[in-house]
Amino acid sequence: MTPIGAVDARAAWLLAATFLIAIAGLIYELIAATLSSYLLGDSVRQFSLVIGIFLSAMGLGAWLSRFVDQAFSGFVWAQILLGVVGGFMGPFLFLNYAWMGHVETPLYAALITIGILSGMEIPLIARVLEQIGARKFRFENVLSVDYVGALVASLAFPLLVIPHLGLMSASLVFGGLNLAVAGLSLFLFRNWATRTQVVVWAVAFAATMIALWHSEKLVSVAEAELFEDDVILSEATPYQKINVTRYRDRVRLFLDHSIQFDSLDEHRYHEALVHPAMSLAPRRADILILGGGDGMAVREVLRYPDVQSVTLVDLDPRVTQIFRDHSMLSQLNEGAFNDPRVSIINEDAWKFLERDTRIYDVTIIDLPDPKSISLSRLYTRQFYGLVVERLSAQGLMVTQAGSPFFARQAFWSVVETLETSRNPQHPGQGLNTVPYHSYVPSFGEWGFVLTSPESVPTRDIEPPEGLQYLTSAVWHAVQEFGGDMDRIAAEPNTLQSHVLTGYYLDGWDYWFR
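Keep in mind it's a predicted model, so treat the numbers as computed, not measured.

So, about the pairing of strand E10 (residues 432-440). Among the nine residues in E10, seven count as buried, and that is most of the element. Summarising the sheet, E10 and strand E11 (residues 444-452) pair through nine bridges and their orientation is antiparallel. Paired with Val440 across the strands is Gly444, a residue of E11. Linkage of E10 to E11, two consecutive antiparallel strands, is achieved through a turn of three residues.

Before going further, it helps to spend a moment on the pattern of salt bridges. Where charged atoms from two side chains of opposite charge come close, those side chains can pair. Overall, the coordinates contain 17 salt bridges when judged by the stated rule. Among the ionic pairs, Arg487 bridges to Glu416, the shortest N-O distance being 2.9 Å. Of the two residues, Arg487 is situated in the loop between helix H18 (472-477) and helix H19 (499-512) and Glu416 in helix H17 (residues 408-419); the sequence distance between them amounts to 71 residues. Each of Glu266, Arg299, Glu300 and Arg303 takes part in a single network of salt bridges with overlapping partners.

This part is about the sheet that holds strand E3 (residues 250-255). With antiparallel pairing, four strands are arranged side by side in an open sheet as E1-E2-E3-E4. Whereas interior strands pair on both sides, the edge strands pair on one side only; in this sheet they are strand E1 (230-236) and strand E4 (258-262). Sheet twist, expressed as the average angle between the axes of neighbouring strands with direction ignored, equals 20 degrees. In the packing of helix H12 (residues 317-325) onto the sheet, the strands contacted are E1, strand E2 (241-247), E3 and E4, and the crossing angle to E2 comes to about 25 degrees.

Counting residues in hydrophobic clusters, the biggest one holds 91 residues, and the most contacted among them are Phe383 and Leu450. If one sorts the elements of this core by residue count, helix H10 (residues 266-280) sits on top with seven residues. Core analysis: the second largest hydrophobic core is formed by 34 residues, Phe54, Leu111, Phe157 and Val161 among them.

Attention now goes to the environment of Val319. With respect to the helices and strands, the residue Val319 is situated in helix H12. Exposure remark for Val319: the relative accessible area of 4% places this residue in the buried category. Here the alpha-carbon distance between Val319 and Arg422, two residues 103 residues apart in the chain, equals 32 Å.

Rules and cut-offs
- Residues numbered from 1 in each chain as written.
- Predicted model: local features only at pLDDT ≥ 70, side-chain atom pairs only at ≥ 80, totals over all residues.
- Heavy atoms only, no water.
- Buried < 20%, exposed > 50% of the residue type's maximum accessible area, 1.4 Å probe, protein only.
- Helix = DSSP H or I, 4+ residues; strand = E, 2+ residues; numbered from the N terminus.
- Pairing = 2+ DSSP bridges.
- Salt bridge = Lys/Arg side-chain N within 4 Å of Asp/Glu carboxyl O.
- Axes fitted to C-alpha atoms, helices over the stretch in contact; angles between N-to-C directions.
- Contact = heavy atoms within 4.5 Å.
- Core = buried A, V, L, I, M, F, W, Y, C linked by side-chain atoms within 4.5 Å.

Right, dumping it as structure tokens:
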């Protein structure tokens, strides 16, 4: 007969194990969702798919647990398999994407496997508790501990896991956690353990620790395959994955594996974005830039001596930090973030506009493409309404608007959205626009929209000296659209419809998938 103290100790451990495996299970789910959004885009859709598939797989696992004859043995095998599949999910998916170029099938296969195994855990633990005769066992206690573990995981993932571990190491760490649960369970229930379980557990734990020790090398191998050039900086922040690559004097920035600039041709993009608005604005003392955390747009704005203040709002503080403090990267923006006229605010652009009370002469919107609903909201009528409230009566606003060639309908949707947005100077009317485009070799044909509550000036621009690309003649030329880029019907983008994300994804998928 098992002593009562031993029963209580085992019961306490199983409840503690429930807490730990709940953390690991939700972390795997969040890693899968984050990986899919990094590699596949459209974070809202990917998170929704991952959550739905994972929960469905858990339900299947809970049902399948009834066919496990030996509850303790089934629990241990589930932990070992979770440690292996969940632990190596991150490295495997990154390397598979780097070498094979696709990730959907292995990602969802791993997710379903992890979900099934996770769904089996609670029913098996409950059965083990009953078998050992735990006096205070109540099923709701197990569920309560499980839910608390999920809460801890959801808080730890953005605040601790991503900033300090990164996705690949996090996957291995929590795989090690599942294996540690299996190992301690084998020790406490050693009279129920088998030699096969102990041997398999030892091999899996050793393999996980070796992989974790070499995780940085695994990251380097994956990134060497993903990027053509040498990776000089690679970081995961709570907001995105940052990669900076270099080949000789050529530097490129990637956010979530999407190129943001190439130092060989970024001047064409940033000159086209900034100088038409700055040159045509009647006044340019106070400038607002939304996005543009690399500082290149700020660099162009500071070419005008009458600029008195520049407020840059970018969500990710790590991006603005590295482009301010990294010696090589700060050279690219000519030390713009160290200019005393420049203020950096790390905040969501929408939240900033809601609380801001200043009025700006020129607003430059250099935000990421609307490839997800969370980004699409920054291209809606409602958002543009907030922007123009902070614009002076004759002020100008310009936004990057994607490719009028590769995502033609998305580009013209942005134009339609602006032209039907609220005009505070002329109630009942929309905003006035001048669409234009420029060829940027890294991106292809790229579009912009110059906007104002009043008519946009049509005079020649007078850009400052030292530009490499934009001239008055070029400005007139880029306002012309060829037949394959000319205006087509498109719905305006709103918080209710979010048609822009669909237009954007359909356009790029047509060309590149």
